[in-house]
Amino acid sequence: MSVPVPDATPRSRATVQYETPRAAIHGPALELPRAIAHRGLSARAPENTLAAVRAAHAAGCRWVELDVQLLGDGTPVIWHDAGVRRCSNGRGKLRRLDIERARQLDVGSWFNPDFHDERMATLDDMLALLAACDMGLNLELKISYKHDPAALAETVIPRALAALPPSRLLVSSFDRNALRSARRQEADPHRLRLGLLYDRLPRGWQADAEALLASSVHLDWRKLKPGTVAAVHEAGLQLLCYTANDPATFLPCWEWGVDAVISDDPTLFASTENLGIV
Ligand code: G3P
Ligand code: MG
């Protein structure tokens with residue numbers, strides 16, 4: 001069955017509107033840039049920091065991907081790892097920190113001494129910056145060992161929905177329970193876009209997508225096959241790939257129809273494809 005396509009905004013490869021029942025569920029596909037800055041512009045600033053988002057904005061990126069987790073005191077922060085060792089001057093697990101101690105960490109010098117003043121960003125600080133910059137956010141609900149997916153979603157989703165319009169928010173996760181809890185926070189798929197993260201497309205992904213009213217699938221580009229893109233599009237979902245930093249090697253993925261790439265440096269893609277990419 002096909003349904004009428006809502007009246008067209010100009011189509012680009014990144015704003016395809018799929019003529020499927022799912023289009024009726026979700027409305028027009030999310031208007032994404034061709035390249036999204038992974039953990040902010042993490043090639044040029046410490047990942048998942050306000051500095052990385054400011055750098056992305058300065059480089060012309062319209063969207064960033066960021067990871068969110070809860071500290072032990074329940075504060076949502078922008079952070080990738082279960083611990084702080086790799087990206088700060090401290091040690092220990094995130095779930096054992098409160099905001100006061102987390103704020104004492106230098107989260108920039110590991111990347112470059114110029115960033116020694118950088119502090120761990122709370123979700124609230126980050127959302128305020130993104131709202132002020134009119135930027136879009138792919139927020140990954142990151143579930144580390146012994147972290148509670150429902151608690152994360154229940155804390156994060158209302159804040160994200162209050163700060164950003166639905167057209168500039170896409171929440172993704174490898175964790176189905178986190179996505180289920182996110183959908184419970186906002187049942188309307190027009191108001192909250194959800195993305196299913198996998199390394200490669202597993203059996204049963206359609207059932208996940210239907211149950212969650214997901215609007216996109218996010219896959220490891222190195223494991224992508226041409227037929228996968230067609231299958232995801234046929235189901236009416238967008239396909240994003242992570243994390244690619246070599247535009248030449250990525251070229252076949254564009255030809256297969258991938259909607260967007262998540263990259264540590266989206267500007268690399270702009271120079272090779274000249275597609276108004278960021
Ligand atoms: O959201 C895509 C990508 O960020 C997933 O992997 O480990 O970089 O969060 P990771
Ligand atoms: Mg991530």
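Rules behind the numbers
- Residues numbered from 1 in each chain as written.
- Chains lettered and ligands numbered in written order.
- Predicted model: local features only at pLDDT ≥ 70, side-chain atom pairs only at ≥ 80, totals over all residues.
- Heavy atoms only, no water.
- Near = heavy atom within 4 Å.
- Polar contact = N/O pair within 3.5 Å; in protein donor to acceptor, adjacent residues only side chain to side chain.
- Areas by Shrake-Rupley, 256 points an atom, 1.4 Å probe, with all protein chains shown as cover.
- Nonpolar A, V, L, I, M, F, W, Y, C, P; charged D, E, K, R; others polar.
- Helix = DSSP H or I, 4+ residues; strand = E, 2+ residues; numbered from the N terminus.
- Contact = heavy atoms within 4.5 Å.
- Buried < 20%, exposed > 50% of the residue type's maximum accessible area, 1.4 Å probe, protein only.
- Pairing = 2+ DSSP bridges.
- Right-handed = clockwise from strand over helix to strand, strands pointing away.
- Disulfide = S-S within 2.5 Å.
- Axes fitted to C-alpha atoms, helices over the stretch in contact; angles between N-to-C directions.
- Parallel < 35°, antiparallel > 145°, perpendicular 65-115°, else oblique.
- Left-handed = near helix turned anticlockwise from the far one by under 90°.

The name given to the protein chain in an unreviewed UniProt entry is Glycerophosphoryl diester phosphodiesterase, with the source organism recorded as Chromohalobacter israelensis.

Visitor: So, the site of ligand 1: which residues are in play, and what are the values?
Guide: The environment of ligand 1 is formed by H38, R39, E65, D67, H80, E140, K142, F174, L197 and Y242. One nitrogen or oxygen atom from the side chain of E65 is found 2.7 Å from an oxygen atom belonging to ligand 1. D67 places a polar side-chain atom, nitrogen or oxygen, 3.2 Å from an oxygen atom of ligand 1. When the free accessible area of ligand 1 is taken as 290 Å², the share hidden by the protein chains comes to 90%. Within the shell around ligand 1, the residues separate by chemical class into three nonpolar, two polar and five charged.

Visitor: Can you tell me about the side chain of N138, naming the residues and giving the values?
Guide: With respect to the secondary-structure elements, N138 resides in strand 4 (residues 136-141). Of the polar contacts made by the side chain of N138, one reaches the side chain of S172; its length is 3.0 Å. Once residues lying within four places of it in the same chain are set aside, the contact partners of N138 are W63, V64, E65, L66, L170, S172, H218 and I262.

Visitor: Just give me the short version of the pairing of strand 2 (residues 63-70), but keep the residues and values in it.
Guide: Among the eight residues in strand 2, eight count as buried, and that is most of the element. Of the two faces of strand 2, both are covered, the one formed by W63, E65, D67 and Q69 as well as the one formed by V64, L66, V68 and L70. Relative to strand 2, strand 1 (residues 35-38) is paired through two bridges, and the arrangement is parallel. In the strand pairing of strand 2, H38 is matched with E65. The parallel pair strand 1 and strand 2 is bridged by helix 2 (residues 50-58), and the resulting crossover is right-handed. Here six bridges tie strand 2 to strand 4, and the two strands are oriented parallel to one another. The residue bridging L66 from the neighbouring strand is L139, located in strand 4. Inspection of the sheet shows strand 2 paired to strand 3 (residues 76-78) by three bridges, in the antiparallel sense. Note that in strand 3 the partner of Q69 across the bridge is V77.

Visitor: Describe the state of the cysteines, listing the residues and the values that go with them.
Guide: Applying the stated criterion across every chain yields a total of zero disulfides. Free of any disulfide, C241 has its nearest cysteine sulfur in C253, 5.2 Å distant. For C241, a relative accessible area of 0% puts it in the buried group.

Visitor: Provide a residue-level description of the packing of helix 2 against helix 4 (residues 123-132), including the pertinent values.
Guide: For any two helices packed against each other, the geometry comes down to the angle between their axes and how far apart the axes lie. Remark: helix 2 packs on helix 4, axes separated minimally by 10 Å, with the N-to-C direction vectors making an angle of 10°. As summarised for this structure, helix 2 and helix 4 are arranged roughly parallel, according to the angle between their axes. Here helix 2 and helix 4 pass one another in a crossing that is right-handed. Listed contacts from helix 4 to L50, V53 and R54 of helix 2 are D125, M126, L129 and L130.

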